Amino acid sequence: MRLEQMFHSLESRLIDFGRRLCQGAAALAREEADDLGAFLDGRRARLERCRDDLTEARLRLRSHETRAARIASHIESYLYVYDGPSAWRHALELDGLRRQITEDRQELRRLLAEEGGLLDEVRALNRRLDDLQVKLGKK
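Note that the structure is predicted; figures quoted are calculated from it, not measured. (Residues numbered from 1 in each chain as written. Predicted model: local features only at pLDDT ≥ 70, side-chain atom pairs only at ≥ 80, totals over all residues. Heavy atoms only, no water.)

Q: Kindly report on the overall build of the protein chain, identifying the contributing residues and their values.
A: Within the protein chain one finds 3 helices and 0 strands. For the protein chain, the α and β elements follow one another from N to C terminus as α-α-α. Here the C-alpha atoms of the protein chain give a radius of gyration of 27 Å, more than 25% beyond the 14 Å that 2.2 N^0.38 yields for 139 residues. With the C-alpha coordinates aligned to their principal axes, the bounding extent of the protein chain is approximately 85 × 45 × 15 Å. If you take every contact in the protein chain between residues at least 6 apart in sequence, the share linking residues at least 24 apart comes to 77%. Of the side-chain charges in the protein chain, 27 are positive and 26 negative, and the distance between the mean point of each set is 2 Å. (Helix = DSSP H or I, 4+ residues; strand = E, 2+ residues; numbered from the N terminus. Rg over C-alpha atoms; globule rule 2.2 N^0.38 Å. Contact = heavy atoms within 4.5 Å. Lys, Arg positive; Asp, Glu negative; His and termini not counted. Charge placed at Lys NZ, Arg CZ, Asp CG, Glu CD.)

Q: So, helix 3 (residues 84-136): which residues are in play, and what are the values?
A: With 53 residues, helix 3 should cover 78 Å at 1.5 Å per step; its first-to-last C-alpha distance of 76 Å lies within 8% of that length. Just downstream of helix 3 lies Gly137, where phi reads positive at about 80°. (Expected span 1.5 Å × (residues − 1).)

Q: Help me get a handle on the confidence of the model for the protein chain, residues and values and all.
A: For the protein chain, mean pLDDT is 88; residues scoring 70 or higher make up 91% of the total. In the model of the protein chain, helix 1 (residues 3-22) stands out as the element of lowest mean pLDDT, 72, in contrast to helix 3, which has the highest, 94. (pLDDT = per-residue confidence, 0-100.)

Q: Outline the environment of Thr102, supporting the account with residue identities and numerical values.
A: With respect to the helices and strands, Thr102 occurs in helix 3. Residue classification places Thr102 among the partly exposed positions, given a relative accessible area of 42%. Separated by 41 residues in sequence, Thr102 and Leu61 have C-alpha atoms that sit 9.1 Å apart. (Buried < 20%, exposed > 50% of the residue type's maximum accessible area, 1.4 Å probe, protein only.)

Q: Can you break down unusual backbone geometry residue by residue, with the values?
A: Even without being a glycine, Tyr82 presents a positive backbone phi close to 60°. Here Tyr82 is to be found in the loop between helix 2 (25-80) and helix 3.

Q: With reference to specific residues and values, describe the side chain of Ser86.
A: Positionally, Ser86 belongs in helix 3. The exposure class of Ser86 is buried, given its relative accessible area of 10%.

Q: Please give an account of the pattern of salt bridges that cites residues and values.
A: One pass over the full model with this rule turns up 13 salt bridges. Salt-bridge contacts for Glu115 lead to Arg51; the nearest nitrogen and oxygen are separated by 3.1 Å. Taken together, the residues span a long stretch of sequence, with Glu115 in helix 3 and Arg51 in helix 2 at a distance of 64 residues. When its relative accessible area of 31% is taken as the criterion, Arg51 is described as partly exposed. (Salt bridge = Lys/Arg side-chain N within 4 Å of Asp/Glu carboxyl O.)

Q: Before we move on, could you go through the side chain of Glu115 and cite the residues and values that matter?
A: The class for Glu115 is buried, based on a relative accessible area of 16%. Each residue touching Glu115, except ones within four places of it in the same chain, is listed here: Leu47, Cys50, Arg51 and Leu54.

Q: Would you mind going over the environment of Pro85 in detail, with residue names and values included?
A: By secondary structure assignment, the location of Pro85 is in helix 3. Distance in space between the C-alpha atoms of Pro85 and Gly18 is 78 Å, their sequence separation being 67 residues.

Now the structure itself:
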């Protein structure tokens, strides 16, 4: 951390401290509720983006798996009619596709874990915001 950043951070903390001394508890709670609401909106937006990414990943995985099954069937047909070069070419394509399927599954697991974490975070933020609103008498 650079010296300038450290002073800026210290300055902002001192300003917040001074603001808290001058304001009442209700004003601080309102400010905290507003900040929390804005942060919660951002997390909800991230959750929606994550769900969109999950949908895309599922569709991509399904498409790759369908294509892999079709290619495997073609390979069997080529082997049956003794067309080795075509079978070999499709086997190489299938190998690459199976690697892609493995990567798709890893991405899907990562996105599912991220969605779970975001859901937990959004629920906790909702509870905190509800508590603050009760404290402020808004509910």
